[in-house]
Amino acid sequence: EAEVAQSPRYKITEKSQAVAFWCDPISGHATLYWYRQILGQGPELLVQFQDESVVDDSQLPKDRFSAERLKGVDSTLKIQPAELGDSAMYLCASSGPGIGLYEQYFGPGTRLTVT
Amino acid sequence: GNSVTQMEGPVTLSEEAFLTINCTYTATGYPSLFWYVQYPGEGLQLLLKATKADDKGSNKGFEATYRKETTSFHLEKGSVQVSDSAVYFCALSKSGGSNYKLTFGKGTLLTVNP
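This section reports on the structure supplied with the text. (Residues numbered from 1 in each chain as written. Chains lettered and ligands numbered in written order. Predicted model: local features only at pLDDT ≥ 70, side-chain atom pairs only at ≥ 80, totals over all residues. Heavy atoms only, no water.)

With 21 residues of chain A in contact, the opposing surface of chain B contributes 20 residues. On inspection of chain A and its partner chain B, the count reaches zero salt bridges. On inspection of chain A and its partner chain B, the count reaches three residue pairs in polar contact (both at pLDDT 80 or more). Put simply, the parts of the chain that give the side of chain A that touches chain B at least two residues each are β4 (31-37), β5 (44-50) and β6 (53-56) of chain A. Top element by residues in the side of chain A that touches chain B is β4 of chain A. It accounts for three residues. Residue classes in the side of chain A that touches chain B are distributed as 10 nonpolar, eight polar and three charged. (Contact = heavy atoms within 4.5 Å. Salt bridge = Lys/Arg side-chain N within 4 Å of Asp/Glu carboxyl O. Polar contact = N/O pair within 3.5 Å; in protein donor to acceptor, adjacent residues only side chain to side chain. Helix = DSSP H or I, 4+ residues; strand = E, 2+ residues; numbered from the N terminus. Nonpolar A, V, L, I, M, F, W, Y, C, P; charged D, E, K, R; others polar.)

Below is the structure:
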């Protein structure tokens with residue numbers, strides 16, 4: 001069964017350092033989402049891609065966060081510099097094949113701890 | 001804006017007990033409604049969904065009915081098992097053009113004891 005892959009699974013970094021997360025969606029899925037899940041809360045959307053284009057990044061803190069999906073396949077989310085409040089689970093999801101209310105499939109997430 | 005409110009946890013039940021997790025939503029128009037489950041150490045999985053009023057979503061013995069008059073989508077199961085222990089999230093999706101992002105509740109931790 002196809003799955004969304006994410007790496008690393010766990011990341012510990014110091015405040016002010018740079019960190020990057022990678023996501024490989026299910027093959028053929030055009031839409032890719034990055035969500036942030038703070039402990040005890042539900043996931044919140046950071047950015048949505050349709051192919052290589054950003055559809056929604058209204059909740060992405062653009063002064064420190066960036067996301068790209070250059071070839072419309074895998075994606076990277078970067079934080080520079082990391083802050084203590086960035087400690088959370090970062091979830092990637094994909095859906096497809098086109099635009100529409102398709103089921104979103106989630107990866108296992110990357111748990112970030114900023115010290 | 002859109003929002004989802006679900007009952008606070010944690011919920012602790014004995015095996016074979018009846019489960020209800022309440023979920024209400026705020027949204028304009030006609031959102032689609034979902035329940036996701038997150039088992040320890042895993043990502044979220046879609047449990048069930050309903051896309052219009054009075055629809056009933058069901059899966060693995062879980063059910064939820066889309067009630068527009070009460071803006072609710074309560075999750076129920078007649079007889080829970082230890083393997084149902086997980087965090088349950090209620091969510092909605094309201095299309096804004098090409099944006100089908102999910103808006104989640106805070107989650108409810110369910111623990112089922114043998």
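This part covers the packing of aromatic side chains. Applying the stated rule across the entire model yields 11 aromatic pairs over all chains. When the centroid spacing of 5.9 Å and the interplanar angle of 85° are considered together, the rings of Tyr35 of chain A and Phe104 of chain B count as edge-to-face. Here Tyr35 of chain A, found in strand β4, pairs with Phe104 of chain B, found in strand β11 (residues 102-104), and the two come from separate chains. Classification of Tyr35 of chain A by relative accessible area gives buried; the value is 0%. Note on Phe104 of chain B: relative accessible area 9%, which makes it buried. Considering the side-chain rings of Phe106 of chain A and Tyr36 of chain B, the 5.6 Å spacing of their centres and the 80° angle between planes classify their relative orientation as edge-to-face. Placement of Phe106 of chain A in strand β10 (residues 105-106) and of Tyr36 of chain B in strand β5 (residues 32-38) is noted, with the two residues assigned to different chains. The class of Phe106 of chain A is buried, set by a relative accessible area of 10%. Three or more aromatic residues joined by ring pairs make a cluster, and in this case those are Tyr33, Tyr35 and Phe106 of chain A together with Phe34, Tyr36, Phe89 and Phe104 of chain B. (Phe/Tyr/Trp six-rings, centres within 6.5 Å; stacked < 30°, edge-to-face > 60°. Buried < 20%, exposed > 50% of the residue type's maximum accessible area, 1.4 Å probe, protein only.)

Turning our attention to the pattern of salt bridges. Residues and elements named next belong to chain A. With the rule as written, the count across this model stands at seven salt bridges over all chains. For Asp86, the salt bridge goes to Arg64, with nearest N and O atoms at 2.6 Å. Taken together, the residues span a long stretch of sequence, with Asp86 in the loop between β8 (75-79) and β9 (88-95) and Arg64 in the loop between β6 and β7 (65-68) at a distance of 22 residues. By relative accessible area, Arg64 is classed as buried at 11%. Among the charged side chains, a network of salt bridges with common partners joins Arg36, Arg64, Glu83 and Asp86.

Here we come to the environment of Leu48 of chain B. All names here are of chain B. Within the secondary structure, Leu48 is located in strand β6 (residues 44-50). Overall, the relative accessible area of 3% leaves Leu48 in the buried class. The sequence separation of Leu48 and Tyr66 amounts to 18 residues, and the corresponding C-alpha distance is 11 Å. Aside from chain neighbours lying at most four places away, what touches Leu48 is Leu33, Phe34, Trp35, Gly57, Ser58, Asn59, Phe62, Glu63, Ala64, Phe73 and Leu75.

Attention now moves to the state of the cysteines. Covalent bonding between the sulfur atoms of two cysteines is what defines a disulfide. Residues and elements named next belong to chain B. Per the stated rule, a full pass over the model turns up two disulfides over all chains. The disulfide partner of Cys23 is Cys90, and the S-S distance across this bridge is 1.9 Å. Here the S-S torsion is close to -70°, and the disulfide linking Cys23 with Cys90 is therefore left-handed. One end of the pair, Cys23, is in strand β4 (residues 23-26); the other, Cys90, is in strand β10 (residues 86-93), and 67 residues separate them in sequence. Note on Cys23: relative accessible area 1%, which makes it buried. With relative accessibility at 1%, the residue Cys90 sits in the buried group. (Disulfide = S-S within 2.5 Å.)

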